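# Examination of the molecular architecture
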Amino acid sequence: MPDKINRILVAGPPAAVLVYVLAPEKLVGWVHAPDDAAKAYLMPSVRALPTIGRLIGRDGMIGSQAVTDAKPDIILDAGTVDPTYKALADKVQSETHIPYVLIDGSFGRTSETLRDVGALIGVEDRANKLADYADSAIKDLNDKLATLPSDPRPRVYYGRGADGLETGLSGSINLEILDVVGTMNVAAAAGKGGLTKVTPQQVVGWNPDIIIADDPNFAVSVRSDPQWAAIKAVKDGKIFVSPSLPFGWFDSPPGVNRLLGVRWLERLLYPKLFRSEFADDVKTFYKLFYQIDLTDAQLATLLKGVK
């Protein structure tokens, strides 16, 4: 590892969020270019960074030449750590001769991830501030959940995309915060794994109490589509869209950005337990993590439709 790390190439979206919240000045480029709506919620210094692409993952790989052209001191990836990702990391490192750091990005390790990467890249003080926030938020959640009866747990379906038919199986990093907030991922009935495609008939059979959408188009269509009409969540009007600027609160990507999603879900699911002024929580998070002061208009956009 180099003695000083000033330029970091990120391998995927969760790592991009991680580097942005810790040391935006060290980020050499985006995996996917933020759109104009997202840029308004990011520091001006990163809005025009180049789009380099995804280094590894299901969307394919950029070439080793593109990696070396970015002149990074290290490559950083955060997310699932398994033999496949380790092998890909070894391959990229051997081809580019650039140190590759693969770190566990699971939600339960959020504070450790922040502290570990902060120490690695020389921003320990900032990392500790963010990690302290994570520890406090998760402790508050767990303390209050411990006062609830263990059953029945709210049963939730999370639908990705305009048709809402992509979701995550048991163990999927994309849906792990459902377990964190004490709910049941109904798609776990289809087995263990990552993201998968399902059918409306499967969701009808699972009959979730709540539907969370990452795409507003799905939230609109599911309310009137007769294929979904028999589902309890549709009958009860319990369909919610996860805010997504500049990064998703629930997922997209499954990174440290989900800390705010947990605050949103705990209020949504247990309003009698969590009574803080949510607008203040949102402003605090954006100031601390994204280093921007939300305007009243921006706050209203984020909270539009949020329960």
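Rules used in this analysis
- Residues numbered from 1 in each chain as written.
- Predicted model: local features only at pLDDT ≥ 70, side-chain atom pairs only at ≥ 80, totals over all residues.
- Heavy atoms only, no water.
- Helix = DSSP H or I, 4+ residues; strand = E, 2+ residues; numbered from the N terminus.
- Rg over C-alpha atoms; globule rule 2.2 N^0.38 Å.
- Contact = heavy atoms within 4.5 Å.
- Areas by Shrake-Rupley, 256 points an atom, 1.4 Å probe, with all protein chains shown as cover.
- Lys, Arg positive; Asp, Glu negative; His and termini not counted.
- Charge placed at Lys NZ, Arg CZ, Asp CG, Glu CD.
- Phe/Tyr/Trp six-rings, centres within 6.5 Å; stacked < 30°, edge-to-face > 60°.
- Buried < 20%, exposed > 50% of the residue type's maximum accessible area, 1.4 Å probe, protein only.
- Expected span 1.5 Å × (residues − 1).
- Arc of directions from axis to C-beta.

## Comments concerning the overall build of the protein
- For the protein, the count of helices and strands is 13 helices and 9 strands.
- The C-alpha radius of gyration of the protein comes to 20 Å, within 12% of the 19 Å expected for a compact globule of 307 residues.
- The C-alpha extent of the protein, read off along each of the three principal axes, is 55 × 40 × 35 Å.
- Long-range contacts, defined as pairs at least 24 residues apart, comprise 64% of the intrachain contacts of the protein with a sequence gap of at least 6.
- Carbon and sulfur atoms make up 52% of the accessible area of the protein, which totals about 13,800 Å².
- Computed over 34 positive and 37 negative side-chain charges, the separation of the two mean positions in the protein equals 4 Å.

## Concerning the packing of aromatic side chains
- Tallied over the full model, the rule gives 18 aromatic pairs.
- Measuring from centroid to centroid gives 6.5 Å for Tyr270 and Phe274, while their planes differ by 45°, and the two rings are tilted. In terms of burial, Tyr270 and Phe274 fall into one category: buried.
- Aromatic rings pair up to connect Tyr20, Trp30, Tyr41, Tyr133, Phe247, Phe285, Tyr286, Phe289 and Tyr290 into one cluster.

## Side note on the environment of Asp143
- Assignment of secondary structure puts Asp143 in helix α6 (residues 124–145).
- Linking Asp143 and Glu277, residues 134 residues apart in sequence, is a C-alpha distance of 19 Å.

## Some points on helix α5 (residues 110–121)
- The end-to-end C-alpha separation of α5 is 17 Å, in line with the 16 Å expected for 12 residues at 1.5 Å each.
- Those residues of α5 lying buried are Thr110, Ser111, Thr113, Leu114, Val117, Gly118 and Ile121. Around the axis of α5, the buried residues are gathered within 160° of arc, so they sit on the same side.
- For α5, the secondary structure elements touched by its buried residues are β1 (8–10), α1 (13–22), β2 (74–79), β3 (100–104), α6 and α11 (258–269).
- One or two steps after α5, the chain reaches Gly122, where phi turns positive at roughly 85°.

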